[in-house]
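Close look at the chain arrangement
If you want the building blocks of each chain, they are given just below.
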Amino acid sequence: MVKLVRTNSEHKDFVFLVKQLDAYLKITDGDEHEFYNQFNSIENIQHVVIAYLENKAVGCGAFKPFNKNSVEIKRMFTLSEVRGKGIATHILKALEEWASELDYASCVLETGIRQVEAVQFYKKNRYKIIVNYSQYKDVENSLCFEKYI
C-alpha cells in the first residue's frame, strides 16, 4: 500500500528523488536541459508530497504558489521500477487536495513534449492544455496545462 507524506523541500527523500528526476530530464531534455533546470530549484518549496512503498521513497511531487488563485505543480517523479502502478496519480491527487485546502482554485504546470508519458498522464488526470505561460511562452518544446480543483 502507498503511504503519502506531506513535507517540504528540505526532506532528504525528496532531495534524493529530485536528483533521480534531474538525471532523467538531463537525457530527455538534451540541449535544453539548462534552460528548463533554472526554473526547477527546490529551495523553499513548502508543499511536497512523497510516496512510500514498503518504507522506500518511490515518488514525489510539489507545488508552489503561481498566483493568488493557482499553484504550479513541480517536480513530479516516480522511480522507473514502480511506474504504471498509480503512484503518480496518488501524489497528484494529494497535491490537488492540499492546494484546495489552502483555497487555491486551480493547478497549472509545464512539461516537455518529449515527456510523452507525462503528457499522457496529465491528460488522463483531466488537465487541459493551455497557452504556454510565463517563462515557457515562446518555448516550442513546452506544453502547459491547467486543472480547476
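Note that the coordinates shown come from a computational prediction; the quantities given were computed from them, not determined experimentally.

1. Quick word on the packing of aromatic side chains
- A complete count under the given rule lists 6 aromatic pairs for this structure.
- A centroid spacing of 5.9 Å and a plane angle of 45 degrees characterise the contact between Tyr122 and Phe145, whose relative ring orientation is tilted. Linking Tyr122 in helix H4 (residues 116-124) with Phe145 in strand E7 (residues 142-148), this pair joins segments that are 23 residues apart in sequence.
- In this structure Tyr122 comes out as buried when scored by relative accessible area, which is 7%.
- Relative accessible area serves as the criterion here: at 0%, Phe145 is assigned to the buried category.
- Judged by centre distance (5.7 Å) and plane angle (85 degrees), the ring pair of Tyr133 and Tyr136 falls under edge-to-face.
- A relative accessible area of 9% means that Tyr133 is categorised as buried.
- Three or more aromatic residues joined by ring pairs make a cluster, and in this case those are Phe121, Tyr122, Tyr127 and Phe145.

2. Here's the deal with the side chain of Glu110
- Residue placement: Glu110 occurs in strand E5 (residues 106-112).
- A polar contact is formed between the side chain of Glu110 and the side chain of Ser142, at a distance of 2.8 Å.

3. Quick notes on the sheet that holds strand E2 (residues 47-53)
- Spatially, E1-E2-E3-E4-E5-E7-E6 is the arrangement adopted by the 7 strands of the open sheet, whose pairing is mixed. Since the sheet does not close on itself, it has two edges, and those belong to strand E1 (2-7) and strand E6 (128-130), each with one partner. Across the sheet, the mean angle from the axis of one strand to that of its neighbour is 30 degrees, orientation sign disregarded.
- Taken together, the 7 bridges between E5 and E7 define a ladder with antiparallel strand orientation. In the strand pairing of E7, Cys107 is matched with Lys147.
- Set on the sheet, H4 makes contact with strand E4 (70-78), E5, E6 and E7; between it and E5 the angle comes to about 160 degrees.

4. Re the pattern of salt bridges
- Per the stated rule, a full pass over the model turns up 6 salt bridges.
- The salt bridge partner of Glu101 is Arg6, with a shortest N-O separation of 3.0 Å. Placement of Glu101 in helix H3 (residues 87-101) and of Arg6 in strand E1 is noted, with a sequence separation of 95 residues between them.
- The exposure class assigned to Arg6 is partly exposed, which follows from its relative accessible area of 41%.
- The residue Glu72 makes a salt bridge to Lys74 at a minimum N-O spacing of 4.0 Å.
- A relative accessible area of 5% places Glu72 in the buried class.
- On the accessibility criterion, Lys74 (6% relative accessible area) is buried.

5. Considerations on a positive patch on the surface
- On the surface, Lys93, Lys124, Arg126 and Lys128 cluster together into a patch of positive charge.
- On the basis of relative accessibility, which here comes to 56%, the residue Lys128 falls in the exposed class.

About the criteria used
- Residues numbered from 1 in each chain as written.
- Predicted model: local features only at pLDDT ≥ 70, side-chain atom pairs only at ≥ 80, totals over all residues.
- Heavy atoms only, no water.
- Phe/Tyr/Trp six-rings, centres within 6.5 Å; stacked < 30°, edge-to-face > 60°.
- Helix = DSSP H or I, 4+ residues; strand = E, 2+ residues; numbered from the N terminus.
- Buried < 20%, exposed > 50% of the residue type's maximum accessible area, 1.4 Å probe, protein only.
- Polar contact = N/O pair within 3.5 Å; in protein donor to acceptor, adjacent residues only side chain to side chain.
- Pairing = 2+ DSSP bridges.
- Axes fitted to C-alpha atoms, helices over the stretch in contact; angles between N-to-C directions.
- Contact = heavy atoms within 4.5 Å.
- Salt bridge = Lys/Arg side-chain N within 4 Å of Asp/Glu carboxyl O.
- Patch = residues over 30% accessible without salt bridge, like charges linked within 9 Å, V, L, I, M, F, W, Y side chains within 5 Å.
- Areas by Shrake-Rupley, 256 points an atom, 1.4 Å probe, with all protein chains shown as cover.
- Lys, Arg positive; Asp, Glu negative; His and termini not counted.
- Charge placed at Lys NZ, Arg CZ, Asp CG, Glu CD.

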